[in-house]
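For reference, the chains in residue letters:
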Amino acid sequence: MASIKPSVPKGTRDFSPAEMAKRNFIFDTIKSVFRKYGYQQIETPSMENLSTLTGKYGDEGDKLIFKILNSGDYLAKADEQALAARNSNAAVSSISEKALRYDLTVPFARYVVQHQNEITFPFKRFQVQPVWRADRPQKGRYREFYQCDADVVGSPSLLNEAEFILIYNEALSKLGLTDFTIKINNRKILSGIAQVIDKHDSIIDLTVAIDKLDKIGLDGVTKELLERGFTEADIEKIKPIILLEGTNEEKLESLRKALASSEIGLLGCDEIEKVFAYIAACKPLNAKLELDITLARGLNYYTGAIFEVKANGVAIGSIGGRYDDLTGMFGLKGLTGAGISFGADRIYDVMEELNLFPASTHQSTQVLICCFDADGETFALPLLQLFRDHELNAELYPAGAKIKKQMDYANSKQIPFVVIIGSEEIQTGLLSLKNMLTGEQEKLTAAAVLEKLG
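Residues numbered from 1 in each chain as written. Predicted model: local features only at pLDDT ≥ 70, side-chain atom pairs only at ≥ 80, totals over all residues. Heavy atoms only, no water.

Within the chain, the secondary structure is distributed over 18 helices and 16 strands. Here the C-alpha radius of gyration of the chain, 29 Å, is well above what a compact globule of 454 residues would show, namely 22 Å. With respect to the principal axes defined by its C-alpha atoms, the chain has extents near 90 × 65 × 45 Å. Of all 454 residues assigned to the chain, the portion counted as buried reaches 47%. Per element, the accessible surface of the chain, about 23400 Å² overall, is 51% carbon and sulfur. Of the charged side chains in the chain, 53 are positive and 62 negative, and the gap between their average positions amounts to 3 Å. (Helix = DSSP H or I, 4+ residues; strand = E, 2+ residues; numbered from the N terminus. Rg over C-alpha atoms; globule rule 2.2 N^0.38 Å. Buried < 20%, exposed > 50% of the residue type's maximum accessible area, 1.4 Å probe, protein only. Areas by Shrake-Rupley, 256 points an atom, 1.4 Å probe, with all protein chains shown as cover. Lys, Arg positive; Asp, Glu negative; His and termini not counted. Charge placed at Lys NZ, Arg CZ, Asp CG, Glu CD.)

Right, dumping it as structure tokens:
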């Protein structure tokens with residue numbers, strides 16, 4: 001029988017110890033900031049009932065849900081007509097009752113409705129878990145990837161939006177990013193722009209086009225709007241809005257003039273202004289905070305504020321915004337919410353490119369004990385336990401290998417210190433401690449080693 005070459009499914013990947021150390025550095029940093037702002041962690045199952053997920057992401061999204069075949073003889077209860085017609089869409093519900101989660105938002109909505117009597121509102125939760133999408137794998141796009149979400153439901157206060165900006169600012173600063181921009185817009189302002197040119201029903205067409213301004217320029221946006229049924233007069237009216245320049249305050253002033261006839265547009269300006277006032281009352285940001293009218297990510301979903309973060313001019317998959325009626329899909333009406341998501345994979349790539357990971361992320365073991373023989377190993381065991389009892393990450397290399405091999409092991413794992421035990425160390429009780437970075441070696445008691453490394 002031919003041996004099978006090991007592989008992972010397309011669109012998935014293994015993570016080495018070094019990669020996991022860096023990923024955990026990102027996750028732990030983001031989690032610590034979430035907790036600081038009062039967010040509590042939940043987890044939901046990797047699989048949900050297929051009925052929970054279906055119909056929540058649109059037709060295209062539904063196609064990307066990974067279905068799980070029913071246990072046992074899944075064809076026993078299959079829809080015979082659908083099978084005979086080779087209609088997989090019709091047959092799937094009879095052979096699959098569960099699916100891998102597509103995102104963290106719908107499971108969160110399900111969780112809130114299911115546990116509404118146990119939850120204190122406003123409910124601030126964060127979740128860091130993998131999701132799965134049956135997408136076509138390509139560079140930067142995987143079928144399995146992690147999402148880092150924080151949401152608050154049950155509070156219409158704009159303080160939540162301001163705190164999300166502070167969370168972005170603090171988490172990304174702690175990760176070492178210095179050159180990043182937090183962009184903010186408001187769905188109500190975009191609705192106001194559509195209103196002043198009497199194109200209420202074309203807001204999606206309008207925003208899809210202006211969202212491409214940085215990629216295709218004003219001429220490209222104009223061409224696309226004309227193709228979508230907008231007139232030259234419409235474009236002349238909105239051109240000054242699209243090309244807003246100046247400080248955030250100057251942009252808001254220009255918007256108020258341009259949207260003077262739109263009640264909803266002015267309300268959007270008021271909301272942005274309130275968020276800026278909250279931020280000003282807190283602390284100066286490391287990030288640049290920019291009102292960007294062309295920002296229209298997730299417009300079908302968001303009803304108020306919209307966020308996106310860019311680092312070095314590149315979107316890093318960190319988005320968010322205000323949404324109404326998140327839980328309405330499961331029968332609990334009227335709960336407003338807001339949320340943000342960190343794009344951990346893109347943040348990883350940016351940090352790797354800029355060499356921002358601390359050297360300490362590579363280290364797991366702080367000290368390695370090396371022995372010449374079995375007597376040394378016996379002497380080392382209580383010492384090993386002593387180190388671990390004092391919260392030092394310590395290893396003992398099994399006796400029998402040459403000291404050079406043990407030293408090579410320490411170097412390959414970037415272990416900064418080595419304790420060497422031979423007959424002299426056993427007799428005197430003084431340990432030989434070697435600094436693997438400088439090569440310096442000294443004789444110390446176990447207590448002195450603990451003090452030096454602790």
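Turning to the sheet that holds strand 3 (residues 67–68), a few remarks are in order. In any sheet, the strands associate via hydrogen bonds between backbone groups, in a parallel or an antiparallel arrangement. Read from one edge to the other, the open sheet built from 3 strands follows the order 2-4-3, with strand pairing classed as antiparallel. Edge positions in the open sheet fall to strand 2 (47–49) and strand 3, since each of these has one partner strand only. (Pairing = 2+ DSSP bridges.)

Here Thr365 lies in the loop between helix 14 (344–353) and strand 12 (367–371). Of note is the side chain of Thr365, whose polar atom sits 2.6 Å from the side chain of Glu395. Not counting residues up to four positions away in its chain, the partners in contact with Thr365 are Asn393, Ala394, Glu395, Lys413, Ile415 and Pro416. (Polar contact = N/O pair within 3.5 Å; in protein donor to acceptor, adjacent residues only side chain to side chain. Contact = heavy atoms within 4.5 Å.)

Each aromatic ring pair is summarised here by two numbers: the centre-to-centre distance and the angle between the ring planes. This model, assessed by the stated rule, comprises 14 aromatic pairs. An angle of 65° between the planes, with centres 6.3 Å apart, marks the rings of Phe25 and Phe357 as edge-to-face. In this pair, Phe25 sits in helix 1 (residues 17–36) while Phe357 sits in the loop between helix 14 and strand 12, placing the two residues 332 residues apart along the sequence. Residue class for Phe357 comes out buried when judged on its relative accessible area of 9%. (Phe/Tyr/Trp six-rings, centres within 6.5 Å; stacked < 30°, edge-to-face > 60°.)

What follows deals with the pairing of strand 15 (residues 431–435). By the criterion of burial, strand 15 is predominantly enclosed, with 4 of the 5 residues buried. In the sheet, strand 14 (residues 417–421) pairs with strand 15 via 4 bridges, with the strands oriented antiparallel. Bridge pairing links Ile420 to Ser432 in strand 15. As judged from the 4 bridges shared by strand 15 and strand 16 (residues 441–444), these two strands associate in the antiparallel manner. Note on strand 16: the bridge partner recorded for Leu431 is Leu444. Following strand 15, the chain reverses through 5 residues before pairing antiparallel with strand 16; Gly439 in that reversal takes a positive phi of roughly 85°.

Interpretation note: all reported values are geometric properties and have no functional meaning in isolation.
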